[in-house]
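Here is how the chains run, residue by residue.
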Amino acid sequence: MSWWSLSGHRALVTGANTGIGQAIAISLAQAGAEVICAGRSTSAETVQKIRDAGGTAREIHLDLADPMAARDVFSGAGIDILVNNAGIIRRADSLDYTEADWDAVMDINTKALFFTAQAFAREILAQEGGRGGKIINIASLLAFQGGIRVPAYTASKHAVAGLTKLLANEWASRGINVNAIAPGYIATNNTQALREDPERTRQILERIPAARWGRPEDIGATAAFLASEGAAYIHGAVISVDGGWMAR
Ligand code: NAP
């Protein structure tokens, strides 16, 4: 079996209906994993794409507006790879930012991510002599940088980076790898407002050494690597996949 094969593994990806989550689900399936596509919207399209390519997938409903929504999802389900991808962004000047926007972003991007990881790890660690598991959190460049007009998003993604390290410290010796991917500017719904603004688009592309927006598949491939045996000694890393943005 190759180091990169995910054959025999079962993954759950949150927010798998579109964008980066859909690409991650497809990449994990291409590597051989059975994929459970979890979200508040139907992931029927993702499941179909995976099946059309000969893979195995199904969907479950999971609305992480309730940060505890995943508490019973892992029980006896044989899931050994978790990708915490679901996330939202709300833009407004900090002077005008509302508590409702703050809470909505923090609940999904940070609180739900933590408690979903907790539910997953409780299940993995309850298995005596089990084979461990992998958690891959989706952070952002705003885990390192400040951004502008997205205060809750920046706070939430800095928290994702911190939690990734904390959970790695607690669980690395117990067979769970916890890592994060910090995507650069990827062409999805999340960045639609930026891509529709010619001035922001020009500024962004000028700074990206690779001179293009990222594709969701760029993140999918990295997630498949982190989920594999080849990444067994990677713990607590926050890996930028950003066309070189952070190198500037
Ligand atoms: P997207 O297309 O807006 O996808 C966000 C995903 O999160 C969707 O599947 C969405 O489901 C799901 N989601 C939102 N609220 C949810 C809830 N209450 N319960 C369950 N799922 C929920 O954006 P994306 O770019 O693919 O974002 C995926 C992740 O990458 C996010 O964590 C985002 O912060 C991060 N990221 C993106 C970029 C980028 O440039 N695109 C850069 C850095 C980080 P619905 O379709 O039902 O809303």
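Since we're looking at a predicted model, the values are computed, not measured. Here, residues in each chain are numbered from 1, in the same order as that chain's written sequence. A pLDDT threshold of at least 70 governs which residues receive local features in this predicted model, and a stricter bar of 80 or more applies before side-chain atom pairs are shown or counted, although totals over entire chains, interfaces and linings include all residues. Only hydrogens and water are set aside when side-chain values are computed; all heavy atoms of the structure are taken into account.

This part covers a nonpolar patch on the surface. On the surface, a cluster of nonpolar side chains totalling about 380 Å² of accessible area is made up of Trp 3, Trp 4 and Phe 225. As for its placement among the helices and strands, Trp 4 is situated in the segment before strand E1 (10-14). Residues enter patches when their relative accessible area tops 30% and they take part in no salt bridge; the joining distance is 9 Å for like charges and 5 Å for the nonpolar side chains Val, Leu, Ile, Met, Phe, Trp and Tyr. Areas reported as accessible are Shrake-Rupley estimates using a 1.4 Å probe. Residue values count occlusion only from the protein chains shown. The salt bridge definition used is simple: a Lys or Arg side-chain nitrogen within 4 Å of an Asp or Glu carboxyl oxygen. Strands are runs of DSSP state E lasting at least 2 residues, helices are runs of H or I lasting at least 4, and numbering of each runs from the N terminus.

Inspection of the secondary structure assignment puts Ile 108 in helix H3 (residues 99-126). With 44 residues separating them along the chain, Ile 108 and Leu 64 place their C-alpha atoms 5.8 Å apart. Sequence-distant contacts of Ile 108, defined by excluding residues within four places in its chain, comprise Leu 64, Ala 65, Ala 86, Gly 87, Ile 88 and Leu 113. Any two residues whose heavy atoms approach within 4.5 Å at even a single point are treated as in contact.

On to the site of the ligand, then. Near the ligand there are 29 residues, and of these Asn 17, Arg 40, Ser 41, Tyr 153 and Thr 188 occur at the shortest range. Pairs of N or O atoms within 3.5 Å make up the polar contacts considered here, provided that, within protein, one atom can donate a hydrogen while the other can accept it, and that residues adjacent in sequence are counted only when both atoms are side-chain atoms. One of the backbone N or O atoms of Asn 85 is found 2.7 Å from an oxygen atom in the ligand. Both cavities and pockets are sets of points on a 1 Å grid over the protein atoms alone; in a cavity a 1.4 Å probe fits but cannot get out, in a pocket the set is open with protein on both sides within 12 Å along at least five of seven lines, and lining residues sit with an atom within 4 Å of a point. Occupancy of a cavity or pocket is assigned to a molecule whenever over half of its atoms lie within 2 Å of that pocket's grid points. A majority-of-atoms criterion places the ligand in the largest pocket. Breaking the shell around the ligand down by element, the ones donating at least two residues are helix H1 (19-30) and helix H4 (151-171). For this scheme, ten residues count as nonpolar: Ala, Val, Leu, Ile, Met, Phe, Trp, Tyr, Cys and Pro. Four count as charged, namely Asp, Glu, Lys and Arg, and the remainder, Gly too, count as polar. A per-class count over the shell around the ligand returns 13 nonpolar, 13 polar and three charged. One heavy atom within 4 Å of a molecule or strand is enough for the residue carrying it to be called near that molecule or strand.

The span one expects for a helix is its residue count, reduced by one, times 1.5 Å. Counted at 1.5 Å a residue, the expected span for H4 with its 21 residues is 30 Å, and the 30 Å between its end C-alpha atoms agrees. A 1.4 Å probe rolled over the protein chains alone gives each residue an accessible area, and that area as a share of the maximum for its type sets the label: buried under 20%, exposed over 50%, partly exposed in between. Of all the residues in H4, the buried ones are Ala 152, Tyr 153, Thr 154, Ser 156, Lys 157, Val 160, Ala 161, Leu 163, Thr 164, Leu 167, Ala 168 and Trp 171. Structurally, H4 contributes buried residues whose contacts are with H3, strand E5 (133-138), strand E6 (176-183) and strand E7 (238-241).

Grid points are joined across faces, edges and corners, and a volume is the space filled by probe spheres set on the points. Tallied over the full model, the rule gives one cavity of 30 Å³ or more. Within this model, the largest cavity holds a volume of roughly 40 Å³. Taken together, Thr 14, Leu 64, Asn 84, Ala 86, Ile 108, Ala 112 and Leu 113 make up the lining of the largest cavity. The element contributing the most residues to the lining of the largest cavity is H3, with three residues. A class-by-class count of the residues in the lining of the largest cavity yields five nonpolar, two polar and no charged.

Most of E5 is tucked away: six of the six residues are buried. Here E5 shows no split at all, with Gly 133, Ile 135 and Asn 137 on one side and Lys 134, Ile 136 and Ile 138 on the other all buried. Pairing between strands is defined by DSSP: at least two bridges between them are needed. Here strand E4 (residues 81-84) pairs with E5 via four bridges, running parallel. The partner of Leu 82 across the bridge, within E5, is Ile 135. For the handedness criterion, the strands are oriented away from the viewer, and a crossover whose path from the first strand over the helix to the second runs clockwise is classed as right-handed. In terms of handedness, the path from E4 via H3 over to E5 forms a crossover that is right-handed. When E5 meets E6, the two strands line up parallel, connected through six bridges. When the sheet's bridge partners are listed, Lys 134 is paired in E6 with Asn 177. Taking the sense of rotation as the criterion, the β-α-β connection linking E5, H4 and E6 turns out right-handed.

One can find Met 106 in helix H3. Look past the residues within four positions of Met 106 in its chain and what remains in contact with it is Lys 111, Ala 152, Ala 155 and Ser 156.

We call a set of buried Ala, Val, Leu, Ile, Met, Phe, Trp, Tyr and Cys residues a nonpolar core when their side-chain atoms join them within 4.5 Å. Within the largest apolar cluster, 28 residues are counted, with the highest numbers of intra-cluster contacts made by Val 13, Ile 24, Leu 28, Val 35, Val 83, Ile 181 and Ile 219. Mapped onto this core, the elements with two or more residues apiece are E1, H1, strand E2 (34-39), helix H2 (44-52), E4, E5 and helix H7 (216-226). Per-element accounting of this core gives the leading share, five residues, to H1. Residues contacting Val 83, with those up to four places away along its chain left out, are Leu 12, Val 13, Thr 14, Ile 24, Leu 28, Ile 136 and Ile 138.

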